[in-house]
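These are the residues of each chain, in order.
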Amino acid sequence: MACAVLAVQGAFIEHEQRLLELGEDCIELRQAADLARPFDRLVLPGGESTVQGKLLEEIGMLEGLRARIEDGMPTLATCAGLILLARDLAAHDDRGTPRLGTMNITVERNAYGRQLGSFHAQAECAGMPDVPMTFIRAPYIAKVEPSVEVLARVDGRIVAAREGSQLAVAFHPELDDDLRMHQLFLQM
Amino acid sequence: MPQTQTAAERVKLNRQLAQMLKGGVIMDVTTPEQAHIAEEAGACAVMALERIPADIRAAGGVSRMSDPAMIRGIQEAVSIPVMAKCRIGHIVEAQVLQAIDIDYIDESEVLSPADNVYHIDKTQFDVPFVCGARDLGEALRRVAEGATMIRTKGEPGTGDVVQAVRHMRKIQKQIRDVVALREDELFEAAKQLAVPVELLREVHATGKLPVVNFAAGGVATPADAALMMQLGAEGVFVGSGIFKSGNPAKRAAAIVKAVANFTDATMIAKLSENLGEAMVGINADEIELIMEERGK
């Protein structure tokens, strides 16, 4: 079956290219009718979380996607996608944009500041050494519940985590020439 | 965290921020209130400026970078990226915008040019730049100077999409022409276009610009925005079209949805219903000040 990539806004084509390199078929989710097409995996790409959350709600995909994720569909979420999965935003972050809220993590948005704070790093992730990590106006995970496994930290901050079939990262594996994070997702 | 980044890594990070904006709408705003409306409507970034292009046309005179205090007010009002314009060639306005931690600088023909010959050497900055282009030559010259995002110039402040269409079609056509060349013909093509041959090789190999390419200048309706997407834009800037219209919040939200579903005519029909008055507009061939001629 195919992997569905949320395609309402952001860097979804980059994920599709990575998945195609690994031999995975992709479909794009742009509107509610697309949820009727067959898929057994889900990718929530980077972009602007406020835009994606609003479109998910108004186009009528929020409930349908939440139900699939809660049913255990393997899901890879990067950057804005991680924000969509987070159950909670940091307390000082009062903007109530719609989210899926299926993962027991608290997220700090724009945690490294504006674009001048964007950076590239390498760190261990899920036991894999030297994973390239590109952070673009990135969030990090400020807090996790005990059910969540921390997969990577950069400078002490949690930047990747897994809970059940949800794999969420603050960086952009789709932008670097390294397929290991997508392979990890396809093995889930 | 700020690990030290090399200049090459900065360029990459700045091109990548533009990738995150794809499929989105960047809206001109002049106040924190407008910025809030734009964010609520689903803008993927806002362009902070004192006067929207239509009012710059009406006011005449010299048009400059906005007051940094006004830009800060907008930065505090929203969580999405905030862009701001500097004059073509005005190195210090760009330095000021970098100093206030702007997310993207638009070295823009909408403002009065500060330099009639030279653009800013954008490779000297850490902050990213977007620049306007009417054809492949202008686009690649700006990329060579360090721009990490391109937009069509269109004719700003008119509400007339005709020039944006012309510029987008021309860039796409020229890219197709370059792809069709033999490799040994690229040197002559680079000479004709007045661009570095390395950048032309990249276009030849990939069939696209080395950076993200948005449409701008004259987009006023959801159908205009979808038109630009169908012609190959990767996202859309809307300037005067939103806050010069009858119901900005509704029109802004409709344009956002039309860009996300730019091939779905049924949805665009629905989105186009009862939007209130569109920006009145001026025909692009009836105006005296031709902004697209600035900065070649």
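Rules used in this analysis
Residues numbered from 1 in each chain as written. Chains lettered and ligands numbered in written order. Predicted model: local features only at pLDDT ≥ 70, side-chain atom pairs only at ≥ 80, totals over all residues. Heavy atoms only, no water. Salt bridge = Lys/Arg side-chain N within 4 Å of Asp/Glu carboxyl O. Helix = DSSP H or I, 4+ residues; strand = E, 2+ residues; numbered from the N terminus. Buried < 20%, exposed > 50% of the residue type's maximum accessible area, 1.4 Å probe, protein only. Contact = heavy atoms within 4.5 Å. Buried area = accessible area lost by both parts, 1.4 Å probe. Polar contact = N/O pair within 3.5 Å; in protein donor to acceptor, adjacent residues only side chain to side chain. Nonpolar A, V, L, I, M, F, W, Y, C, P; charged D, E, K, R; others polar. pLDDT = per-residue confidence, 0-100. 1 Å grid on protein atoms, 1.4 Å probe; cavity = no way out; pocket = protein on both sides within 12 Å on 5 of 7 lines; lining within 4 Å. Points joined across faces, edges and corners; volume = space filled by probe spheres on them.

### Observations regarding the pattern of salt bridges
Stage number 1. Taken as a whole, this structure holds 33 salt bridges over all chains when the rule is applied.
Stage number 2. Here Arg-87 of chain A ties to Asp-88 of chain A by a salt bridge, and the two come within 2.9 Å at their closest N and O atoms.
Stage number 3. The salt bridge involving Asp-103 of chain B is made with Arg-114 of chain A; its shortest N-O contact spans 3.2 Å. Here Arg-114 of chain A lies in the loop between β6 (103-108) and β7 (119-125) and Asp-103 of chain B lies in the loop between α5 (91-99) and β4 (104-108), a pairing that spans two chains.
Stage number 4. Its relative accessible area of 19% is what places Arg-114 of chain A among the buried residues.
Stage number 5. Three or more residues joined by partner-sharing salt bridges are found here, namely Arg-134, Glu-138, Lys-153, Arg-166, Glu-292, Glu-293 and Lys-296 of chain B.

### A few points about the interface of chain A and chain B
Stage number 1. Listed per partner, the contact involves 38 residues of chain A and 44 residues of chain B.
Stage number 2. When chain A packs against chain B, the two sides together hide about 3,300 Å² of surface, and 53% of this comes from carbon and sulfur.
Stage number 3. For chain A, the biggest contributors to the area lost against chain B are Arg-114, Gln-115 and Leu-116 of chain A; these three give 22% of the whole.
Stage number 4. Counting the contacts that link chain A with chain B gives five salt bridges.
Stage number 5. Where chain A meets chain B, there are 25 residue pairs in polar contact (both at pLDDT 80 or more).
Stage number 6. Breaking the side of chain A that touches chain B down by element, the ones donating at least two residues are α2 (49-59), β7 and β8 (128-135) of chain A.
Stage number 7. Residue classes in the side of chain A that touches chain B are distributed as 14 nonpolar, 12 polar and 12 charged.

### Points about the confidence of the model for chain B
Stage number 1. Put simply, chain B has an average pLDDT of 94, and 98% of its residues get 70 or more.
Stage number 2. The ipTM value of the predicted complex is 0.95, and its pTM value is 0.95.

### Observations regarding the layout of surface pockets
Stage number 1. Each pocket or cavity is described by its volume, and for the largest pocket that value is around 1,000 Å³.
Stage number 2. Around the largest pocket, the lining is made up of 38 residues, and of these Glu-14 of chain A together with Gln-19, Lys-22, Lys-208 and Glu-234 of chain B lie nearest the centre.
Stage number 3. When residues of the lining of the largest pocket are traced back to their parent elements, those giving at least two are α1 (12-21) of chain A together with α1 (7-21), α7 (162-179), α9 (197-206), β7 (212-214) and α12 (248-260) of chain B.
Stage number 4. For the lining of the largest pocket, the element with the most residues is α1 of chain A, which contributes five residues.
Stage number 5. A breakdown of the residues in the lining of the largest pocket according to their chemical character gives 15 nonpolar, 11 polar and 12 charged.
Stage number 6. Each pocket or cavity is described by its volume, and for the second largest pocket that value is around 250 Å³.
Stage number 7. Around the second largest pocket, the lining comprises 21 residues; the ones closest to its centre are Ala-7, Val-11, Lys-122, Thr-123 and Gly-146 of chain B.
Stage number 8. Among the secondary structure elements, those contributing two or more residues to the lining of the second largest pocket are α1 and α6 (136-144) of chain B.
Stage number 9. The element that contributes the greatest number of residues to the lining of the second largest pocket is α1 of chain B, accounting for six residues.
Stage number 10. Per-class residue counts for the lining of the second largest pocket are 11 nonpolar, six polar and four charged.

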